[in-house]
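# Overview (structure and organization)
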Amino acid sequence: MKKFLVLGVLFVLPLVAYLFFASGVHNFAKLPVLNDTVGNLESFENLTGQNITFKSKITVLGFLGKKIYNKQGNAFNLNQKIYKKNHEFQDFQFVMVLPYGSEEASKELLSELDDITDVSEWKFMFGTPEQIKILFESLNVSHKLDDNLSTNYVYIIDKDGSLRGRDGTLKENEQKVDGYDASSVADLANVMNDDIKVILAEYRLALKKYKADRKEK
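Heads up: these notes are all about the structure in this document. What you see as residue numbers is a count from 1 along each chain, following the sequence as written. Residues qualify for local features only when their pLDDT is at least 70, as the model is predicted, and side-chain atom pairs are given and counted only at 80 or more; totals for whole chains, interfaces and linings, by contrast, use all residues. Where side-chain values are given, they derive from all heavy atoms of the structure, hydrogens and water being excluded.

It is worth spelling out the packing of aromatic side chains at this point. A pair of aromatic rings is counted whenever rings of Phe, Tyr or Trp (Trp by its six-membered ring) have centres within 6.5 Å, and the orientation is called stacked for planes under 30 degrees apart, edge-to-face for over 60 and tilted otherwise. Applying the stated rule across the entire model yields seven aromatic pairs. Pairing Phe94 with Trp122 gives two aromatic rings, centres 4.8 Å apart and planes at 55 degrees, and the pair type is tilted. One end of the pair, Phe94, is in strand β3 (residues 92-99); the other, Trp122, is in strand β4 (residues 122-127), with 28 residues separating them in the sequence. Trp122 carries the same exposure label as Phe94, and that label is buried. When the ring of Phe136 is compared with that of Tyr155, the centres are 6.1 Å apart and the planes differ by 70 degrees; the resulting orientation is edge-to-face. Placement of the pair is Phe136 in helix α4 (residues 129-139) and Tyr155 in strand β5 (residues 150-157), with a sequence separation of 19 residues. Both residues of the pair, Phe136 and Tyr155, belong to the buried class. Through a chain of ring-to-ring contacts, the aromatic side chains of Tyr83, Phe92, Phe94, Trp122 and Phe124 assemble into a single cluster. Directly above the ring of Tyr203 sits Lys159, whose terminal nitrogen or CZ lies 4.8 Å from the centroid. Each helix corresponds to a stretch of at least 4 residues labelled H or I by DSSP, and each strand to a stretch of at least 2 residues labelled E; elements are numbered beginning at the N terminus. Exposure categories follow from relative accessible area, calculated using a 1.4 Å probe and restricted to protein chains: below 20% of the type maximum is buried, above 50% is exposed, and the middle band is partly exposed. When the NZ atom of lysine or the CZ atom of arginine is within 6 Å of a ring's centre and also within 35 degrees of its normal, the charge is said to sit over that ring.

Listed below in structure tokens is the structure:
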């Protein structure tokens, strides 16, 4: 009798674990929307003439400023810890905002990054100092641009053009996170990487549900 009981427990436990994790996948907490009034990229230009927009894209938004060489380390951190792992996701892009006059420096940085991985989803956008300030202020985050129109922080913008992050309510003692420090490998690897996984999973599940609903019709 005991033998059958042990065998029964050994059979049931993996099943319970599977159901627990399967349920978790479909009912995980979404990455909270922190601000749904973020500005757009319409007033900015890029070197390729492409129409770059937040809409229908998951965007990592950064502000490299007019002294781009000061932020090269940040760019390489982002490329290694976030971009390389996720750039094959169809609707994923990096958008870096810079002032006019930074075009050649951005080409050099892009060339260096291209030695490491495919950089087709790195987008450099150029605008006036005023345009950059207006876009940054529309994020309504806890950080500031420095005198070079740059910040170490980068931001997750969803397909609706809304700022995503942690609102401090998902876990006990969790702090609000409205941006990610690109100068910190630990912050990118441990915090931003997890949040990117969550938002990508959210859209993957939404796509699967859409396809399943289409098949039922």
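From this point, the discussion proceeds with the structure in view.
Taken together, the side chains of Glu88, Glu108, Glu112, Asp114, Asp115 and Asp118 present a region of like negative charge at the surface. As for its position among the elements, Asp114 is in helix α3 (residues 103-114). To count toward a patch, a residue needs a relative accessible area above 30% and no salt bridge. Like charges then connect within 9 Å, nonpolar side chains (Val, Leu, Ile, Met, Phe, Trp, Tyr) within 5 Å. Accessible areas in this description were obtained via Shrake-Rupley with a 1.4 Å probe; residue shielding takes into account the shown protein chains only. Salt bridge, as applied in this entry: a Lys or Arg side-chain nitrogen positioned within 4 Å of an Asp or Glu carboxyl oxygen. His is not counted here, nor are the chain ends, while Lys and Arg score as positive and Asp and Glu score as negative. Taken as the charge centre is NZ of Lys, CZ of Arg, CG of Asp or CD of Glu, depending on the residue.

For the rest of this paragraph, the subject is the nonpolar core. Think of a nonpolar core as a cluster: buried Ala, Val, Leu, Ile, Met, Phe, Trp, Tyr and Cys residues, connected wherever their side-chain atoms sit within 4.5 Å. Counting 32 residues, the largest nonpolar core has Leu78, Phe92, Phe94, Trp122, Phe124 and Met192 as the members making the most contacts within it. Breaking this core down by element, the ones donating at least two residues are β2 (58-64), α2 (72-86), β3, α3, β4, β5 and α5 (185-216). Broken down by element, the residue count for this core peaks at seven residues, all from α5. Of all hydrophobic cores here, the second largest spans 20 residues; its members include Leu41, Val95, Val97 and Ile157.

Moving on: α2. Taking 1.5 Å as the rise per residue, α2 with 15 residues should run 21 Å; its terminal C-alpha atoms sit 20 Å apart, in good agreement. Here the bend at a residue means the angle between the axes of two seven-residue stretches, the one that ends at it and the one that starts at it. The principal kink in α2, of about 45 degrees, is found at Asn79. To estimate the expected span of a helix, count its residues, drop one, and scale the result by 1.5 Å.

Turning our eyes to something else, we now look at the pattern of salt bridges. Applying the stated rule across the entire model yields six salt bridges. The shortest N-O distance in the salt bridge between Lys107 and Glu104 comes to 3.4 Å. Placement of the pair is Lys107 and Glu104 together in helix α3, with a separation of three residues, close to one helical turn. Arg164 is the partner of Glu202 in a salt bridge, and the nearest nitrogen-oxygen pair spans 3.0 Å. One end of the pair, Glu202, is in helix α5; the other, Arg164, is in strand β6 (residues 163-164), with 38 residues separating them in the sequence. Assigned by exposure class, Glu202 and Arg164 land together as buried.

It is worth spelling out the pairing of β2 at this point. For β2, the buried fraction is high: seven of the seven residues fall into the buried class. The two faces of β2 match: Ile58, Val60, Gly62 and Leu64 on one face and Thr59, Leu61 and Phe63 on the other face are all buried. Two strands qualify as a pair provided that DSSP identifies no fewer than 2 bridges between them. Pairing of β2 with β3 involves six bridges; the strand directions are parallel. The residue bridging Phe63 from the neighbouring strand is Val97, located in β3. A crossover gets the label right-handed when its path from the first strand over the helix to the second runs clockwise, viewed with the strands pointing away from the viewer. Considered for its hand, the β-α-β crossover made up of β2, α2 and β3 is right-handed. Sheet topology note: the β2/β5 ladder contains five bridges and is antiparallel. Within β5, the residue paired with Leu64 across the bridge is Ser150.

Let us look at the environment of Asn140. Among the structural elements, Asn140 can be located in the loop between α4 and β5. Classification of Asn140 as exposed rests on a relative accessible area of 64%. Taking the C-alpha atoms as reference, Asn140 lies 9.1 Å from Leu34; in sequence the two are 106 residues apart.

Residues of α4 that are buried include every one of Ile132, Leu135, Phe136, Ser138 and Leu139, and no others. Buried residues along α4 cover an arc of 155 degrees about the axis, so they all sit on one side. Away from its buried face, by an angle of more than 90 degrees, α4 presents the exposed residues Glu130, Ile134 and Glu137. Contacts are assigned to residue pairs with any non-hydrogen atoms lying within 4.5 Å of each other. Where α4 is buried, its residues touch β1 (33-35), β2, β3, β4, β5 and β6. Comment: arc refers to directions from the helix axis out to C-beta atoms.

Purely spatial values, then, with no claim about function.
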